[in-house]
Amino acid sequence: MKITSKLIALILLANLLLFSNTLTAVAAEGWKKDGRGWRYQLSEDVYVRSEWRLIGGKYYYFDRSNYMLSNSWLTDSKKNSYFLTADGSMATGWIQDNGYWYYTNASGAMVTGWLQYKNNWYYLNNDGSMETERLLTADKVYYFNSSGIWIR
């Protein structure tokens, strides 16, 4: 009988320790701000680092120092560029940055070249900026209005 009581007490103690560690890890997860910016803590002393993370339905990118990027473009190893907004979330659709318009697709990647959007055609230069005047090609000149819509 003594062996059974000791075994039960040991199992209860092990479960209590396991449960308390789980509570500590869960309680530590979340956004943390310090003097350098925002980080996302996964557990005690563990932060998201050098990766995209889906948090609350939005994608965020964290650099090698564990900090969220914001108000900037990020180019990945495949040469895709993504815009991170003021709140750090990845933008999709039309974006205005430094007076220029850009378009990012549903995956957030910047689009270049011809784009058909809502029955209009636009041209996005190699740097992603929308053309608003004219485009010269080897055999043709294309004209765009001030909203970037191809007119002829």
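Residues numbered from 1 in each chain as written. Predicted model: local features only at pLDDT ≥ 70, side-chain atom pairs only at ≥ 80, totals over all residues. Heavy atoms only, no water.

Q: Is there a simple way to think about the pattern of salt bridges in this case?
A: For side chains of opposite charge, pairing can occur when their charged atoms come near one another. As enumerated under the stated definition, the model contains 3 salt bridges in all. Across the salt bridge formed by Lys58 and Asp87, the nearest N and O atoms sit 3.5 Å from each other. Highlighted residues: Lys58 in strand β5 (residues 58–62) and Asp87 in the loop between β7 (81–84) and β8 (93–97), separated in sequence by 29 residues. (Salt bridge = Lys/Arg side-chain N within 4 Å of Asp/Glu carboxyl O. Helix = DSSP H or I, 4+ residues; strand = E, 2+ residues; numbered from the N terminus.)

Q: How should I be thinking about the pairing of strand β1 (residues 30–34) in this particular structure?
A: In regular strands, side chains alternate between the two faces of the sheet. Pairing of β1 with strand β2 (residues 37–43) involves 5 bridges; the strand directions are antiparallel. From the neighbouring strand, Trp31 faces β2, where its bridge partner is Tyr40. Joining the antiparallel neighbours β1 and β2 is a turn of 2 residues. (Pairing = 2+ DSSP bridges.)

Q: Just checking my understanding: could you explain unusual backbone geometry for this structure?
A: When glycine is set aside, most residues are seen to have a negative phi, and most peptide bonds are trans. Residue Asn71 is not a glycine yet carries a positive backbone phi of 50 degrees. Checked against the element boundaries, Asn71 lands in the loop between β5 and β6 (72–75). Take Asn71: its relative accessible area is 53%, and that puts it in the exposed class. Positive phi, close to 70 degrees, is recorded for Lys79, a residue that is not glycine. Relative to the helices and strands, Lys79 resides in the loop between β6 and β7. (Buried < 20%, exposed > 50% of the residue type's maximum accessible area, 1.4 Å probe, protein only.)

Q: Please explain the side chain of Asp97 as it appears in this structure.
A: The topology assignment puts Asp97 in strand β8. Setting aside chain neighbours within four positions, we find Asp97 in contact with Trp73, Phe83 and Tyr102. (Contact = heavy atoms within 4.5 Å.)

Q: I'm lost on the pairing of β6 in this one. Help?
A: Bridge count for β6 against β7 is 4 bridges, and the pairing is antiparallel. Residue pairing in the sheet places Ser72 in a bridge with Leu84 of β7. Hairpin connection from β6 to β7: 5 residues lie between these consecutive antiparallel strands, with Lys79 at a positive phi of about 70 degrees.

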